[in-house]
Amino acid sequence: MVNVVKEIQARFSRHDDFFFEEEQKDKMPFYLMGFNTLIDLAKSNLYVRQVAASSSSVNELFINLSDQLDVDTEKLIKAILEGKLVIVLGNGKRNAIVDPVSRNLRRNIDKPQSESPLQGPLDAFVEDIKTNIGLIRKRLDTERLCHSSHEVGKLASRKLSMLYIKGRAPDTLIKKINKQIKQIDTDIETVDDLNKYFGQRSSIVSHVFLTELPSEVTHLLKKNRVVLLLDNYPFALVFPNLLLDMFCIASDRNYPSLLAYALRTLRVVGAVINVLLPALYVAIVSVNPEILKIDLALFVSESRRGIPFPALLETMIMVVLVDLTLEAIVRLPKSVGPTITMVGGIILGQAMVQAKLVSPLLVIVVTAIVISGSVVSGIQNSLYIRLLRYPILILASIYGVLGVFIGFLFTIVYLASLTSNGIPYTAFRIRERGTQNES
Amino acid sequence: MKRVNKTLITAMFLLTFLSGCWDIKDIDQRNLPLVIGIAKADNNEYKVTAQIPIPKLSGQTQSGPMSRIVTSKGESFSSALGQIKTNSEDAVDYSHVRLIVIQKNLTKNQKELRQLIKFLMDSKEIPMKAMLAITNDHIEKLLSNINDKLGVDSTSLYDFFNKGAGWAPEISSAPIWEVYRSLFSYTEDITIPVVDSGKDTVLNYKGAAVLKKGKITQRISPNENQLINLFQNKSAKGKIESVGFASVMVTKSTIENKTVMKNNKPLVYSDLNLKIDILERKADITNNQIRERLEKLTQKQFYHIFKQAQKSNTDIFGFGQYFRDQIPYDDLKNWRGKYYPKLKVNFQVHVSME
Amino acid sequence: MSHRLQIGFVFIILYIGLNHTIYPDLIFQLTNTGHWEVVLCQGLLQLTLIWIYIKGLSYFPGQDVIDIYLKAGKLIAFIILIPFVISLTALIAYDIRLHTEVIISVFLSRTPYWPVLVLLFFITTYIALNGLGTILRSSVFIFLIVIPLMLFVILSSLINFDWHNATPVWHSSFDFLMEKKFFYLMGFAAFLPLGFMAYKTKLTFGFIFLAWVCVMISFLSVVYIPLFIFGQEAVMTLPFSMIRAISSVDIRWFIFNQQTIFLALSLIGFTVILNAVLLWMIGRIMHKMLKWKKVKTSYWIIVFSIIAFIFALFVPSRSWTDKWFLWSAGAQVYFMIVIPFSTLICGFVMKRGRVSYEKG
């Protein structure tokens, strides 16, 4: 046994899935090493033997098997960790890293899980980064689609790919992102870990827009954005995240433009309703009833008679309950989900009204916000919109309609103050374009 | 910057604990009076009566009074309003008042009426678009009549004064701000509707009172009031007129005014075009006869009111408005005294058939 | 959205934020007839000042007024800008106080002053802290939200119009030009912030002229809506006549009882931006003038907003607010004359200096 092999074996002594096999060619022993959890051992073995049979010498075998020959031990160890097959000659003079037959640890390309494109392409990203890039390349067969890949992380390295269209995405932006990616010195486990490197922001709005749809990504690439792909993460991260992404979906443009605009307006209205409606209810019921026409005022007054809670508390209870239900449905296994929905629906809708804990009008309001909350694209967007309504709700309970308005202004200013790498969140589009020619 | 923002936001949330520091009442804890009646009590105090609808408890289907009448007295109007607030078990919110009925005995004092209207206009609570009306009845009787017949169906009161052309062109409405405007205007006076409690219906329309700078100078009948409405460019569509041997319905009306100023003597040429539809007629009556009769009748009616109005120097037709650009502004304030008595109106009615 | 368009929006917002409260009342006290002449006179005078201002600024591309004064000498900068800061603080204080009164009269009649003041100062300070970029961007959104509301309010008020009330249309003499109130009227202008935004983009007169036309339309509507509704005789007796005029409107099919809330809300939207811009100007002036390293712009903004808040809080009554607001507006007139002319002169001198330098 040679040093190299011993060293490797020592390194992996605590790994029971590490295999070490001996083969021979021309009486020269050589060793195969790797993880049997990542490598399909039987098939890889067969492959090596076949190659060995067709090669005339050991040397030729090594050349035939791989073009990564005679590397140092550290690289070999890294290759093993990455799921490669390592072959070392018995005397330790030669070694090679072979691409083995891997175990199938990937999902097939499937329908999107968190988005449902209507009348649009139905494929979605998967965990494997190469498949994802392939999905994009297939759609954008231009040489101007650039791809730079990085490996980031301290403990475990992770592949990170940046895609952009040369001549579309602003050069300064590409430079800045490149610099920021190079600064990464911790592990990137989640999108939020990555977010930190794009500028300190203790905000509810992410720097990147997550999407599962390759069609959406290609569209955004053409709109001067930069797309980041993380290995083992079935979403593309579009940089920067803009307010309008919430309302404009790429598959809209499969409709006639007038219809598409109507849909987008509807989404804006939905978002605004979702943020303002509960607050407006509180404002009108408890602070400014005089702004309603008398018929409506009397109707509201009638529906609230005998309800023990003040309006703010009543609304808070309902809104929180609804948010709880929404969260519970996501968490629960699919077989239990409908039950919760049903029980929640009955309790929230029927029982609370009959017990005179909340007014029937509020139930209508709550229904409206549940529905309107999901019209925007992107789960994160709909989450942060849901969060925005709480401060406005509290303001409304103090200042009434004024509070609603100021709260809304506050939201607008807050969103307008966000920037990612100098690009404001509220920009309608990225106007600046990069240069086409390599300089 | 970031730290500052954070402290600011914390301060903001501290603010939220202030909720409830001042008087915020939920809508079901507020009484919303719809009609307010004002009268002079015998001892020269103000007597204010308010009609307050009581919302039904949901699920309850009882019939019976669904609103109630609250009365209080006070040295002034505002103190009487305050009295109602104190005595009521819930908070009283006057922001939904739609109609303010003034009993006749209060309208006799010009100064007091002016004061009242100014108060109503400046009041932050009572909306300035509430209607004013005058009644000959006792205010409580009128209100309890409204109460019995209407209950909470409040819009019907508003609709009573705003039926709109095509339904009842005789009725005039006088929101507070218009009355207030007429108190100051050099060139325009206003009519305030007079109502009584009706036997079968809620209110009985009794014509209008002409208000000149807070003083009632003249009473006019519903029919005459329609003419005034015509001059304010409200259509007389839907009005049914009886001309003795036939009855007709006005389907369209337009009015054109031409004004001339000759040696400080104002002159108005006024042409009223009516389009009519004959509903019924006695035998042997021709269209022409009806037409001539209607023209004559209307003209006569006009001159009758106009003469009376001129006698009391009240410009109910608002002719002065047309002369605003022909008289220097400093002279406008003399319109009622100097120019209006000399005003000649050449009123022509042109009737055409459908 | 280009900066120039954003600045145009801000320009309109600043003006509208100023002119809805006391401005029409002043006009009605100033003249009985021919109100448009007064409005136009005042507008044209301002336009001339704006032209001079832009002309002066165009000598210094990429620089704002503070840079120009600092170039001319620190003493000059101090003499002109420090009083300017004080008058701005007063203007902020009384403008917010005035609008608090509008709010309380329209929808929070049972709320004391200070919570509303706290709220308004909080939001203005927050906006100012976020800097000019945020102000410009958010003002576009606020503009797009508020302008439809305002148009709706204005159109709905048409049903109460009596066109005869605005006659006589002509006013032959121009004696109002000499009155003190006309002087105050001149203070209702907000073009000075333009010079502080000049570093963002190059200002062109044509563009500002378009915005000025919009502003003039808004000025006229603010004066003529109350006039058409109440008539000159009655309108003189009503404070906040524009808001009163709108509250007389009654639309039957509409679910809301008062159109006034929409007007008041849009006013608040505009006022908040106006005061945020003013606060931001103060912060920028102080920061550039006194270069103490540790003191950031944001601290100056907070300090001055607290000072303004204290001013606003201790105003004893309505009549005081009106008076003090007028004074601070009047003080603005002084700067409206001094700052444009001095920039123009600076520009001239510098250009000459440069030319002679190049020759020599």
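Remember, it's a predicted structure, so these values are computed and weren't measured experimentally. Position labels on residues start from 1 in each chain and follow its written sequence. Naming scheme: in the order in which they are written, chains are lettered from A and ligands are numbered from 1. pLDDT decides what is reported in this predicted model: residues at 70 or higher carry local features, side-chain atom pairs at 80 or more are listed and counted, and totals for whole chains, interfaces and linings draw on all residues regardless. Water and hydrogen atoms were dropped before computing side-chain values, which therefore reflect all heavy atoms in the structure.

Draft legend 1. Representation of the overall build of chain A within the structure. A tally of helices and strands in chain A yields 15 helices and eleven strands. Throughout, the radius of gyration refers to the C-alpha atoms, and the reference size of a globule is 2.2 Å times the residue count to the power 0.38. Computed over C-alpha atoms, the radius of gyration of chain A comes to 29 Å, more than 25% over the 22 Å expected from 2.2 N^0.38 for 439 residues, which places it beyond the range of a compact globule. With the C-alpha coordinates aligned to their principal axes, the bounding extent of chain A is approximately 100 × 55 × 40 Å. Classification of residues uses two cut-offs on accessible area relative to the type maximum, computed with a 1.4 Å probe and protein chains only: under 20% is buried, over 50% is exposed, and between them is partly exposed. Here chain A, with 439 residues, has 53% of them falling under the buried criterion. What makes two residues a contact is simply this: any of their non-hydrogen atoms within 4.5 Å. The long-range fraction of contacts in chain A, counting pairs at least 24 apart against all pairs at least 6 apart in sequence, stands at 65%. Note on areas: Shrake-Rupley, 1.4 Å probe, and residue coverage restricted to the protein chains presented here. Per element, the accessible surface of chain A, about 20,900 Å² overall, is 57% carbon and sulfur. With 49 positive and 42 negative side-chain charges, chain A shows a spacing of 5 Å between the two charge centroids. Starting at the N terminus, helices and strands are each numbered in turn, a helix being any DSSP run of H or I of at least four residues and a strand any DSSP run of E of at least two. Counted as positive: Lys and Arg. Counted as negative: Asp and Glu. His and the chain ends are not counted at all. Working definition for charges: the position is that of NZ of Lys, CZ of Arg, CG of Asp or CD of Glu.

Draft legend 2. Expanded view of helix α11 (residues 311-331) of chain A. Residues and elements named next belong to chain A. With 21 residues, α11 ought to run about 30 Å at 1.5 Å a step, and its terminal C-alpha atoms sit 30 Å apart, in line with that. Turning to α11, its buried residues are A311, E314, T315, M316, M318, V319, V322, D323 and T325. Structurally, α11 contributes buried residues whose contacts are with α9 (257-287), α10 (294-304), α12 (337-354), α13 (360-373) and α14 (379-399). Residue count minus one, scaled by 1.5 Å, sets the expected span of a helix.

Draft legend 3. Up close: the sheet that holds strand β10 (residues 215-220) of chain B. Residues and elements named next belong to chain B. At least two bridges found by DSSP between two strands are what make those strands a pair. With respect to topology, eight strands assemble into an open sheet ordered β4-β3-β2-β6-β7-β8-β9-β10, the strand pairing being mixed. The two strands at the open ends of the sheet, each matched to only one other strand, are β4 (67-74) and β10. Here the average twist between neighbouring strands, direction ignored, is 30 degrees. The pairing of strand β2 (residues 35-40) with strand β3 (residues 46-53) spans six bridges and is classified as antiparallel. Interaxial angles span 0 to 180 degrees and are taken between N-to-C directions of axes, which are lines fitted to C-alpha atoms, for helices over the stretch in contact.

Draft legend 4. Spatial organisation of the domain arrangement of chain A. As far as domains go, chain A holds domain 1 (3-98), domain 2 (129-240) and domain 3 (254-420). Segmentation into domains, and thus their bounds, comes from an automatic or database assignment. Each of domain 1 of chain A and domain 2 of chain A has a C-alpha centre, and these two points are 34 Å apart.

Draft legend 5. Just the interface of chain B and chain C, in detail. Taken together, the 38 residues of chain B in the interface contact 41 residues of chain C. When two parts are put together, the accessible area they lose, computed with a 1.4 Å probe and summed over both, is reported as buried area. Buried area between chain B and chain C, summed over both chains or domains, comes out near 3,600 Å², and the portion from carbon and sulfur atoms is 59%. The closest approach of N and O atoms between R98 of chain B and D250 of chain C, which form a salt bridge, is 3.1 Å. Every element with two or more residues in the side of chain B that touches chain C is listed here: α1 (2-16), α4 (110-122), α6 (155-161), α7 (176-184) and α10 (319-322) of chain B. In terms of residue count, the dominant contributor to the side of chain B that touches chain C is α1 of chain B (six residues). Each residue gets one of three labels, nonpolar for Ala, Val, Leu, Ile, Met, Phe, Trp, Tyr, Cys and Pro, charged for Asp, Glu, Lys and Arg, and polar for the others, Gly among them. Grouping the amino acids of the side of chain B that touches chain C by side-chain chemistry returns 18 nonpolar, seven polar and 13 charged. Any carboxyl oxygen of Asp or Glu that lies within 4 Å of a side-chain nitrogen of Lys or Arg is treated as forming a salt bridge with it.

Draft legend 6. Representation of the nonpolar core. Of all hydrophobic cores here, the largest spans 309 residues; its most connected members are I100 and F319 of chain B together with F191 of chain C. The leading source of residues in this core is helix α12 (residues 260-289) of chain C, at 21 residues. Here, the term nonpolar core denotes a set of buried Ala, Val, Leu, Ile, Met, Phe, Trp, Tyr and Cys residues that are joined through side-chain atoms within 4.5 Å.

Draft legend 7. Seen up close, the pattern of salt bridges. According to the stated counting rule, one finds 35 salt bridges over all chains in the structure shown. The residue R389 of chain A makes a salt bridge to D323 of chain A at a minimum N-O spacing of 3.0 Å. You can see R389 of chain A sitting in helix α14 and its partner D323 of chain A sitting in helix α11, a full 66 residues away along the chain. Across the pair, exposure class does not vary: R389 of chain A and D323 of chain A are buried alike. Linked by salt bridges that have partners in common, R304 and E314 of chain A together with D26 and D28 of chain B make up one network.

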